[in-house]
Amino acid sequence: MAYFENAQEGDRVECTIYGKGEIIMVCKDCKYSLMVLFDNGKDIPYSIEGVPAMDEHSEQTLFYESEAK
């Protein structure tokens, strides 16, 4: 089961790159299943495993805020 299998719009998350944010879209049929709007105004798409849609990153960087490292 993928880390964000049960993700919902409005869930608070934290990225090791961009900081804290909120899931604003969930589309489980899409390659990048999550769209996150960060507190700094950036919006970044992520896979259901929490990997950002950027070529230089291949590991999970997104976590639920309550579980962030």
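Quick note: structure is the one above.
About the cut-offs
- Residues numbered from 1 in each chain as written.
- Predicted model: local features only at pLDDT ≥ 70, side-chain atom pairs only at ≥ 80, totals over all residues.
- Heavy atoms only, no water.
- Disulfide = S-S within 2.5 Å.
- Buried < 20%, exposed > 50% of the residue type's maximum accessible area, 1.4 Å probe, protein only.
- Core = buried A, V, L, I, M, F, W, Y, C linked by side-chain atoms within 4.5 Å.
- Helix = DSSP H or I, 4+ residues; strand = E, 2+ residues; numbered from the N terminus.
- Contact = heavy atoms within 4.5 Å.
- Pairing = 2+ DSSP bridges.
- Axes fitted to C-alpha atoms, helices over the stretch in contact; angles between N-to-C directions.

Let's talk about the state of the cysteines
For the structure on display, the rule yields one disulfide. What pairs with C27 in a disulfide is C30, and their sulfur atoms sit 2.5 Å apart. Its S-S torsion of approximately 60° makes the covalent link between C27 and C30 right-handed. Note on C15: no disulfide assigned, nearest cysteine sulfur contributed by C30 at a separation of 20 Å. For C15, a relative accessible area of 4% translates into the label buried.

Description of the nonpolar core
Soluble globular proteins tend to pack their nonpolar side chains together in the buried interior. Grouped together as the largest cluster of nonpolar side chains are 16 residues, with contacts concentrated most on F4, F38, Y46 and L62. Element by element, the count of residues in this core is highest for strand β3 (residues 34-38), at three residues. Each residue touching F4, except ones within four places of it in the same chain, is listed here: V13, I23, K28, L34, I48, E49, G50, Q60, L62, F63 and Y64.

Things to note about the pairing of strand β2 (residues 19-26)
Put simply, side chains in a regular strand alternate between the two faces of the sheet. Pairing geometry for strand β1 (residues 12-15) and β2, over four bridges, is antiparallel. What sits directly across from E14, in β2, is K20. Between β1 and the antiparallel strand that follows it, β2, lie three residues. In this structure, β2 lies alongside β3, joined through five bridges in antiparallel fashion. Looking at β3, one finds that I23 is bridged to V36.

Observations concerning the sheet that holds β2
Ordered by their spatial adjacency, five strands build an open sheet running β4-β3-β2-β1-β5, and the pairing between neighbours is antiparallel. Two strands close off the open sheet at either side, each with one partner strand: β4 (43-46) and β5 (62-64). Each strand of the sheet is rotated relative to its neighbour by a mean of 40°, with strand direction disregarded. One ladder, built from four bridges, connects β3 with β4; its direction is antiparallel. Among the inter-strand pairings, M35 is bridged to a residue of β4, identified as P45.

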